[in-house]
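Here is what each chain is made of, one letter per residue.
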Amino acid sequence: IVAFFIVSRNNQTAAVYQDIANVSLARVDKLGEMLANFRQIRVEVRSLGLINNSTFDADKYVAGTVKAIGEFEQSKNEFESLLRTDEEKENFKQMNIAWDDFYEFGRGLLVLAKKGDAESFNKLAEDVRVICHIKKEGVEKIIRDFISKQKLETQKLVAEAKESEVTTLHFALAGTFA
């Protein structure tokens, strides 16, 4: 009986560690990629509003924005495949709404940047200065919330695995001395 219990607990412990390795760490990785890419998008978009940008500079920032958007979207789609609970799916849906809002705002900035005239540049610079900060908050907050929740979930899984290891050890010792 003791041996059966030990094998059973070892299997449970292995399953918990497997969940940490295959899901928790993958989720943290994708969230980190999303946050880094989102910040890169913001850097590129905000750089469009710099005074004295040349056409070359503007084209470089547009290309950087498009690249970062593609990488953000890829990480976001990979993260979505790792969602489990209805709460996570709802939070992800809210992040997508915030992302779509930010994306549409950014698309408008890219259109202004491509026009290249003084009026468009002034509008772009003002929008970047005033609105970009507000628009980014929704996406960043939700990603940071996901990261915080994932850290707590991972800590809980590690504690569960350690508890299982201790229980297994106690039964192994009890079986040895019985």
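Residues numbered from 1 in each chain as written. Predicted model: local features only at pLDDT ≥ 70, side-chain atom pairs only at ≥ 80, totals over all residues. Heavy atoms only, no water.

A. Structural detail: the nonpolar core. By size, the foremost hydrophobic cluster in this structure holds 33 residues, and its most contacted members are I41, L48, F72, W99, V139 and I143. For this core, the secondary-structure elements that each account for two or more residues are helix 1 (2–48), helix 2 (55–80), helix 3 (86–115), helix 4 (118–130) and helix 5 (132–177). The biggest single contributor to this core is helix 3, with ten residues. Not counting chain neighbours up to four residues away, the residues in contact with I41 comprise T65, A68, I69, F72, W99 and F102. (Core = buried A, V, L, I, M, F, W, Y, C linked by side-chain atoms within 4.5 Å. Buried < 20%, exposed > 50% of the residue type's maximum accessible area, 1.4 Å probe, protein only. Helix = DSSP H or I, 4+ residues; strand = E, 2+ residues; numbered from the N terminus. Contact = heavy atoms within 4.5 Å.)

B. Representation of the packing of helix 2 against helix 3. Across the interface, helix 2 lies against helix 3 with an axial gap of 12 Å and an inter-helix angle of 165°. Here helix 3 runs roughly antiparallel to helix 2, going by the angle between their axes. You can see that helix 2 and helix 3 cross each other, and the crossing is left-handed. For the pair formed by helix 2 and helix 3, the contact residues are V62, T65, I69, F72, E73, K76, F79 and E80 on the first element and F92, M95, N96, W99, Y103, L110, A113 and K114 on the second. In terms of residue class, the contact of helix 2 with helix 3 is made up of ten nonpolar, two polar and four charged. (Axes fitted to C-alpha atoms, helices over the stretch in contact; angles between N-to-C directions. Parallel < 35°, antiparallel > 145°, perpendicular 65-115°, else oblique. Left-handed = near helix turned anticlockwise from the far one by under 90°. Nonpolar A, V, L, I, M, F, W, Y, C, P; charged D, E, K, R; others polar.)

C. Examining helix 2 more closely. Given a rise of 1.5 Å per residue, 26 residues ought to cover 38 Å, and the 37 Å separating the end C-alpha atoms of helix 2 matches this to within 8%. Here helix 2 has its buried residues at A58, Y61, V62, G64, T65, A68, I69, F72, S75, K76 and F79. (Expected span 1.5 Å × (residues − 1).)

D. Representation of the side chain of Q150 in the model. Among the structural elements, Q150 can be located in helix 5. Beyond its immediate chain neighbours, meaning those up to four positions away, Q150 contacts S24, R27, V28 and L31.

E. Region of the structure containing the side chain of S47. Along the chain, S47 falls in helix 1. Residue class for S47 comes out buried when judged on its relative accessible area of 12%. A distance of 2.7 Å separates a polar atom in the side chain of S47 from the backbone oxygen of V43. Ignoring sequence-local partners within four residues, the contact set of S47 consists of N53 and Y61. (Polar contact = N/O pair within 3.5 Å; in protein donor to acceptor, adjacent residues only side chain to side chain.)

F. Quick look at the packing of helix 3 against helix 4. Packing of helix 3 against helix 4 brings their axes to within 8 Å, and their N-to-C directions diverge by 150°. With respect to their mutual orientation, helix 3 and helix 4 come out roughly antiparallel. Crossing geometry of helix 3 relative to helix 4 is assigned as left-handed. Across from F105, L109, L112, A113 and K115 in helix 3, the residues of helix 4 making contact are S120, K123, L124, D127 and V128.

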